[in-house]
Amino acid sequence: MSDEHWYEDETGPMVRPYTVTRGRTRPSGAHAIDLMSRVTALETDAQRPDIDHARAALLAVIRRGPRPVVELAADADLPLTVLRVLLGDLAEAGLVRIDAPRRLPVSGPAADPGLLREIMERLREL
């Protein structure tokens, strides 16, 4: 949300997360929202339902282009729990589509245990 922040640098959060989500800690409905789920804004011809500032601001971020949930959390500067609730609300309103993450094949170079160990070792070196 580039210029809009949910906090002040000196004073901390202006709006507590539970007020943004109306006290909910999980998205309502049957939306499985994984960290790597891809979120896409939907173009609707219907009149836009009434959504509050938090949901409208998140929708503006999503309209910049499809991206994984984890990137949206960073771009929107929101805790993941709050983001999941807001995304569930937007999906129920028909404003976004949440696609399950693509799974990698369990065979081939990506599944090589030696390669995975080497990657882990290199990451620890960092």
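Criteria and cut-off values
- Residues numbered from 1 in each chain as written.
- Predicted model: local features only at pLDDT ≥ 70, side-chain atom pairs only at ≥ 80, totals over all residues.
- Heavy atoms only, no water.
- Pairing = 2+ DSSP bridges.
- Helix = DSSP H or I, 4+ residues; strand = E, 2+ residues; numbered from the N terminus.
- Patch = residues over 30% accessible without salt bridge, like charges linked within 9 Å, V, L, I, M, F, W, Y side chains within 5 Å.
- Areas by Shrake-Rupley, 256 points an atom, 1.4 Å probe, with all protein chains shown as cover.
- Salt bridge = Lys/Arg side-chain N within 4 Å of Asp/Glu carboxyl O.
- Buried < 20%, exposed > 50% of the residue type's maximum accessible area, 1.4 Å probe, protein only.
- Core = buried A, V, L, I, M, F, W, Y, C linked by side-chain atoms within 4.5 Å.
- Contact = heavy atoms within 4.5 Å.

Draft legend 1. How the structure looks around the sheet that holds strand β5 (residues 96–99). Spatially, β4-β3-β5 is the arrangement adopted by the three strands of the open sheet, whose pairing is antiparallel. Across the chains shown, the open sheet's two edge strands, defined by having one partner strand only, are β4 (67–68) and β5. Bridge count between strand β3 (residues 38–41) and β4: two bridges; the pairing is antiparallel. When the sheet's bridge partners are listed, valine 39 is paired in β4 with arginine 67.

Draft legend 2. Broad picture of a nonpolar patch on the surface. A cluster of nonpolar side chains, namely Leu115, Leu116, Ile119, Leu123 and Leu126, defines an oily patch on the protein surface of about 510 Å² accessible area. Tracing the sequence through the fold places isoleucine 119 in helix α5 (residues 113–125). By relative accessible area, which is 41% here, isoleucine 119 ends up partly exposed.

Draft legend 3. Summary view of the nonpolar core. Among the nonpolar cores identified, the biggest contains 22 residues, and Val39, Leu58, Ile62, Leu83, Leu87 and Val96 are the most heavily contacted of them. Residue assignment for this core shows that the elements contributing at least two residues are β3, α2 (53–62), α3 (69–76), α4 (80–92) and β5. The element that contributes the greatest number of residues to this core is α4, accounting for six residues. Dropping the residues within four chain positions of it, isoleucine 62 is found in contact with Val39, Thr40, Ala41, Leu72, Leu87, Leu90 and Val96.

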